[in-house]
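Fold and geometry: a report
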Amino acid sequence: RGSSVVLRKELAATEERLVRQLARLQEQTDRIIDTVMNTLEVKVSDLAKKQPMLDWRLSEFDASMKGLRSELELQSRRVDAAETRLQRWRTVLDDELLARVDKGTALMDDFGPRPESVFHDFATQRDLQDVARGLQGELE
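Residues numbered from 1 in each chain as written. Predicted model: local features only at pLDDT ≥ 70, side-chain atom pairs only at ≥ 80, totals over all residues. Heavy atoms only, no water.

1. A few points about the overall build of the protein
The helix and strand inventory of the protein stands at 3 helices and 0 strands. Ordered by position from N to C terminus, the α and β elements of the protein give α-α-α. Residues classed as buried in the protein amount to 5% of the 140 residues present. (Helix = DSSP H or I, 4+ residues; strand = E, 2+ residues; numbered from the N terminus. Buried < 20%, exposed > 50% of the residue type's maximum accessible area, 1.4 Å probe, protein only.)

2. As for the pattern of salt bridges
Using the criterion set out here, one finds 4 salt bridges in the structure. We note a salt bridge from R90 to D94, for which the minimum N-O separation is 3.8 Å. Of the two residues, R90 and D94 both sit in helix α1 (residues 2-111), 4 residues apart, roughly one turn of that helix. For R90, a relative accessible area of 55% translates into the label exposed. (Salt bridge = Lys/Arg side-chain N within 4 Å of Asp/Glu carboxyl O.)

3. What to know about the confidence of the model for the protein
Mean pLDDT over the protein: 85, with 86% of residues reaching 70 or higher. For the protein, the element scoring lowest by mean pLDDT is helix α2 (residues 115-118), at 52; α1 scores highest, at 90. (pLDDT = per-residue confidence, 0-100.)

4. Thoughts on a nonpolar patch on the surface
A cluster of nonpolar residues, I32, I33, V36, M37 and L40, forms a patch on the protein surface that exposes about 450 Å² of accessible area. Looking at the secondary structure, you find M37 in helix α1. Residue M37 is classed as partly exposed on the basis of its relative accessible area, which comes to 41%. (Patch = residues over 30% accessible without salt bridge, like charges linked within 9 Å, V, L, I, M, F, W, Y side chains within 5 Å. Areas by Shrake-Rupley, 256 points an atom, 1.4 Å probe, with all protein chains shown as cover.)

Now the structure itself:
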């Protein structure tokens, strides 16, 4: 019987030590959880404060991109229109130049070797400069 009393006392002491250790572990776990939760709450709070600013910046960026897209489309239409006008002018100038060359060739054939009478119908450098200035003015 004596050994059973000793055994019970040792068992009770071991149980008490385990209960204390479990209590300490529970307290440490609670402290760790509190620390982690507090840190997370601070981070979430900071993110929540930054959210409206991020939303505003995102909408501002979206508006800027839409404006740039519209400007790019407008510039593209302008370039297309300018290319169309340039092509028309080139066609007209090519036709006029070919007509003048044909006329000059015909004059040379009709009159023989008299250069001063053959070349009076050709475009002068000044005529070409005037046409170039006109084209440049239309492109602007």
